[in-house]
Amino acid sequence: MVHDPTQTEGRGLDVTVAEIHRVAEPGRVDFGGGELNAATLEPIETEKRNPDDDYEWWYLDAGQYLVEYNESLSAPDDLTLALQTRDSVRARGAFHPTLYVDALDVVPLSVGGEGIRLKENARLSTLLVH
């Protein structure tokens, strides 16, 4: 975890952004899985907001993105976790679907309106025991 006390202060465990990508070339999904191909992803670069900043920001326009987290997860077989968008992110026009997970994989992020700015290691999602 990036900072245990901050990430565990609420009703679950907050997870943080490591990388953000956009789909550069489409993937393929068929009925039987024999023609299943991954999409080609292109990383979104970060930028410093101020020259003396320690951390950089992603400047995301409205659209669809794929997010990778800093944290990893290996839940026991008898435990189901819900991954939800943090309220502070949703209130600023971005969200991802609620997912029931036993591992953290890439998550689709939808950004609306005029976009959003996310700082490196921003808390994007919360894991809750379901």
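Our structure's up above, just so we're on the same page.
As the structure is a prediction and not an experimental result, all values here were calculated from the model. (Residues numbered from 1 in each chain as written. Predicted model: local features only at pLDDT ≥ 70, side-chain atom pairs only at ≥ 80, totals over all residues. Heavy atoms only, no water.)

1. Remarks on the pattern of salt bridges
No. 1: Under the criterion given, the structure shown has four salt bridges.
No. 2: Residues Glu42 and Arg22 are paired through a salt bridge, measuring 3.2 Å at the closest nitrogen-oxygen approach. Of the two residues, Glu42 sits in strand E2 (residues 40-43) while Arg22 sits in strand E1 (residues 13-25), which places them 20 residues apart along the sequence.
No. 3: Looking at Arg22, the relative accessible area reads 35%, which means it is partly exposed.
No. 4: Taking the shortest distance from any N to any O, the salt bridge between Asp87 and Arg90 comes out at 2.8 Å. Pair noted here: Asp87 and Arg90 are both in helix H2 (residues 87-90), with a separation of three residues, about one helical turn.
No. 5: Relative accessible area serves as the criterion here: at 46%, Asp87 is assigned to the partly exposed category. (Salt bridge = Lys/Arg side-chain N within 4 Å of Asp/Glu carboxyl O. Helix = DSSP H or I, 4+ residues; strand = E, 2+ residues; numbered from the N terminus. Buried < 20%, exposed > 50% of the residue type's maximum accessible area, 1.4 Å probe, protein only.)

2. Here's the deal with the nonpolar core
No. 1: Counting 22 residues, the largest nonpolar core has Ile20, Leu60, Leu109, Leu118 and Leu124 as its most contacted members.
No. 2: The contact partners of Leu118, leaving out residues within four places of it in the chain, are Ile20, Glu56, Trp57, Trp58, Leu60, Leu109 and Leu124. (Core = buried A, V, L, I, M, F, W, Y, C linked by side-chain atoms within 4.5 Å. Contact = heavy atoms within 4.5 Å.)

3. Focus on a negative patch on the surface
No. 1: On the surface, a cluster of negative charge is contributed by Glu19, Glu45, Glu68 and Asp105.
No. 2: Relative to the helices and strands, Asp105 resides in the loop between strand E7 (99-101) and strand E8 (107-111). (Patch = residues over 30% accessible without salt bridge, like charges linked within 9 Å, V, L, I, M, F, W, Y side chains within 5 Å. Areas by Shrake-Rupley, 256 points an atom, 1.4 Å probe, with all protein chains shown as cover. Lys, Arg positive; Asp, Glu negative; His and termini not counted. Charge placed at Lys NZ, Arg CZ, Asp CG, Glu CD.)

4. Observations concerning the pairing of E8
No. 1: The buried fraction of E8 amounts to four of the five residues, a majority that puts the element mostly inside the structure.
No. 2: Of the pairings in the sheet, the one linking strand E4 (residues 63-69) to E8 comprises five bridges and is antiparallel in character. Residue Val67 lies in a different strand from E8, and its bridge partner there is Val107.
No. 3: Sheet topology note: the strand E6 (residues 94-95)/E8 ladder contains two bridges and is antiparallel. What sits directly across from Ala94, in E8, is Val111. (Pairing = 2+ DSSP bridges.)

5. Regarding the side chain of His21
No. 1: Looking at where His21 falls in the secondary structure, it is placed in strand E1.
No. 2: In terms of polar contacts, His21 uses its side chain to reach the side chain of Glu68, at 2.8 Å. (Polar contact = N/O pair within 3.5 Å; in protein donor to acceptor, adjacent residues only side chain to side chain.)

6. A word on unusual backbone geometry
No. 1: The residue Asn121 is not glycine, and still its phi comes out positive at about 70 degrees.
No. 2: Structurally, Asn121 can be placed in the loop between strand E9 (116-119) and strand E10 (123-129).

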